[in-house]
Amino acid sequence: MTHTALASILRCLNLSSSDKIRILSEKEVPSTVFAAFFRLGAQPATKDEVIGLFEELSEFGECIRALPDPLKIEGALDPSQDFFLVAIIPQSERTTFHSLFTRPWIERFTTTECLDRSELSRIFTEINPAELKPVEEAPEILLDRVRSFILSGAESTMTETQNSHPVDPLIALTLPEGFRASGVASGIKPGKKDLGILISDLPCHTAGRFTQNRFCSAPVLISKEHLRNGDVRAVVVNSGNSNAATGAQGYRDARIMAELAAQAVSLEPSQIAVCSTGVIGRFLPMERVEFGIREASQKLQRHHDEDFLEAIMTTDAVMKSSTRSFQLGGKTVHIGGVTKGAGMIHPNMATMLAFLTTDAAIRPAALDLSLGLVVQETFNCLTVDGDTSTSDSVLLFANGAAGNEEIGVDHPEYGLFVAELRALCQDLVRQMARDGEGATHLVQVVCDNAFSRNDALEVAKTISGSLLVKTALFGRDPNWGRIICAVGNTSARYQPEAVRLWMNGLLLFENGMATDFNLKDVAQSMAAEEIEIRVDLAAGPFSLTVYTCDLTYDYVRINAEYTT
């Protein structure tokens, strides 16, 4: 954990001078600085249960603070509520403290700690006391900061690396050592490949993120269940049928898919994740699925990913894959990724379907945390048409075959791994936006200098999702008023007269009115394949980019004829 990150964590505690003296003078019972970030599940606990948890935590001492404070939350708790906890506790109590977070209603739990007493002493003695005073801020702002410093400092995780290089994009999932993939035509989609298997030949750690659509598909439920067991090594996936809104039969069919795949590749059913994409509300033709799984299991191979890529596509016009190769601890490490999706894309925790592999050796908690951060900054910054799918899933497999020293959140090269994973996912997001159904333009919407990350995301996504903006981009109509209107429809904090707007580097709006720009120059710039819209809110330090595409006649045609 960096000096800056630890100072940021301690800033959340109201430590008196006597607290500091007591902590630094401990010899027999040294302390650890403990930061936890956890999320409530889809069926959250009651408010009393959460308060009860924090009451138990408070028994470990007075140097504990929770953000947001459950006592100050009005009304019922929301599903997926995030909480952040900072504590200074005896090192001898670490295991017991951790065990309190094993509640069934806690969906995700990640921690970081500092055991370096000399660093703790340096911060207590060198940092201005005012910098360590607690700050009462909106929960979303605090959580923005947590996402950065729980990873040992944003500066260490978000820096673009220079030592990576691309390889053959058609060798993606199986570029990392120890992975095989296949894809076959099972008959779900006549005449096309529609079922694939991806497997690690070695034991691996797997992390996942999934849709928050309340009608999530049966495969999403099964995959979540199996990931909780901590030993997923493979995924079976089909296209053409999402197995969503199919009730008890759909759940049984998804479970049977896991069982069939496990039998075919000599694993346990709990080691198989399941993904399905396609039409909602139709039962899977299980005889065809069973045939496809058996055939796909016989065709697993390395360095030939096209079949798997084809098998996961629906309305995609092109295959989407990306790779990164770099050094960790003197070992060459690879990350590969593929994704599908061209419509019904407005992700919340994932994208349509994305599969990522790495041969890096990395601890489970660090892997999960890296995926969570990267998903927020890549897949969740993508929109095609404003609809979140019932099937959204992203899975990241890590089998350690590269032989590097296993890295955790506190490892000096953890930030490098996160940066490479982020770069790969950013590339996939750009490919998805470019391949939006019927799209003719890749559109990058940048919100600069927002009050919070949530404000930046809301502004950028509102612009990206505006039908009026997207149709104007298709028609190359520099109607900047639609963009300003979209900004004005958000709850973001800013002063209207301070907002500025650019299109492809041309300043169109400032001081509350249009600039003296040349209309023909702007329209001509919109003929480019890539278009950038940039808004400066002049309200704070946060910036964020969302990717989208234009809305065309073909989008209407594709979706008007999707099932007919």
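Data block above holds the structure.
What comes next is a walk through the structure.

A tally of regular secondary structure across the chain gives 18 helices and 19 strands. Across the 564 residues of the chain, 55% fall into the buried class. Considering only intrachain contacts with a sequence separation of at least 6, the fraction spanning at least 24 residues in the chain is 82%. Carbon and sulfur atoms provide 50% of the accessible area of the chain, an area that totals close to 23,000 Å².

What follows concerns empty space enclosed by the protein. For the structure on display, the rule yields two cavities of 30 Å³ or more. Computed from the structure, the second largest cavity encloses a volume of approximately 50 Å³. Around the second largest cavity, the lining residues are V469, A472, L473, D477, P478, N479, W480, R482, I483, M503 and M526. At the level of elements, α15 (467–474) and α16 (480–488) are the ones that each hand at least two residues to the lining of the second largest cavity.

As a further point, take the pairing of strand β11 (residues 331–340). Of all the 10 residues making up β11, eight are buried; the element is thus mostly covered by neighbouring parts of the structure. Both strand β10 (residues 320–328) and β11 contribute to a ladder of nine bridges, which runs antiparallel. Bridged to R324 within β11 is I335. In textbook terms, the turn of a hairpin is the stretch between consecutive antiparallel strands, and for β10 and β11 this stretch comprises two residues, one of which, G329, has a positive phi near 60 degrees. The pairing of β11 with strand β12 (residues 353–358) spans six bridges and is antiparallel. Each bridged residue has a counterpart across the sheet, and for K340 the counterpart in β12 is L353.

Bringing helix α9 (residues 247–265) into the picture now. Here α9 spans 28 Å end to end across 19 residues, near enough to the 27 Å set by a 1.5 Å rise per residue. Among the residues of α9, those classed as buried are G250, D253, A254, M257, A258, L260, A261, A262 and V265. Looking at the buried residues of α9, the elements they touch are β6 (195–200), α8 (218–229), β8 (234–241), β9 (272–279) and α10 (286–297). Residue S266 follows α9 closely and has a positive phi angle near 60 degrees.

Moving on: a negative patch on the surface. Together, D48, E49, E55 and E59 give the surface a local cluster of negative charge. By secondary structure assignment, the location of D48 is in helix α3 (residues 47–58).

Here we come to α16. Residues I483, A486 and V487 constitute the buried set of α16. When α16 is viewed along its axis, its buried side chains cluster within an angular range of 100 degrees and face the same direction. Packing partners of the buried residues in α16 comprise α14 (453–465), α15, β15 (500–503) and β18 (530–536).

Before going further, it helps to examine the nonpolar core. The tendency in soluble globular proteins is for nonpolar side chains to be buried as a group. With 37 residues, the main nonpolar core has L328, L356, I362, F379, Y414, F417 and L421 as its most contacted residues. Mapped by element, the contributors of at least two residues to this core are β10, β11, β12, α12 (364–377), β13 (393–398) and α13 (414–434). The element best represented in this core is α13, accounting for 11 residues. Judged by nonpolar contacts, the second largest core, of 30 residues, contains C381, V445, L508 and I533.

Unusually for a residue other than glycine, N243 sits at a positive phi of about 50 degrees. Looking at the element boundaries, N243 is found in the loop between β8 and α9. Exposure remark for N243: the relative accessible area of 0% places this residue in the buried category. With phi around 55 degrees, R476 is a residue other than glycine that occupies positive phi space. Mapping R476 onto the fold places it in the loop between α15 and α16. Overall, R476 belongs to the partly exposed group, its relative accessible area being 41%.

Parameters and conventions
- Residues numbered from 1 in each chain as written.
- Predicted model: local features only at pLDDT ≥ 70, side-chain atom pairs only at ≥ 80, totals over all residues.
- Heavy atoms only, no water.
- Helix = DSSP H or I, 4+ residues; strand = E, 2+ residues; numbered from the N terminus.
- Buried < 20%, exposed > 50% of the residue type's maximum accessible area, 1.4 Å probe, protein only.
- Contact = heavy atoms within 4.5 Å.
- Areas by Shrake-Rupley, 256 points an atom, 1.4 Å probe, with all protein chains shown as cover.
- 1 Å grid on protein atoms, 1.4 Å probe; cavity = no way out; pocket = protein on both sides within 12 Å on 5 of 7 lines; lining within 4 Å.
- Points joined across faces, edges and corners; volume = space filled by probe spheres on them.
- Pairing = 2+ DSSP bridges.
- Expected span 1.5 Å × (residues − 1).
- Patch = residues over 30% accessible without salt bridge, like charges linked within 9 Å, V, L, I, M, F, W, Y side chains within 5 Å.
- Salt bridge = Lys/Arg side-chain N within 4 Å of Asp/Glu carboxyl O.
- Lys, Arg positive; Asp, Glu negative; His and termini not counted.
- Charge placed at Lys NZ, Arg CZ, Asp CG, Glu CD.
- Arc of directions from axis to C-beta.
- Core = buried A, V, L, I, M, F, W, Y, C linked by side-chain atoms within 4.5 Å.

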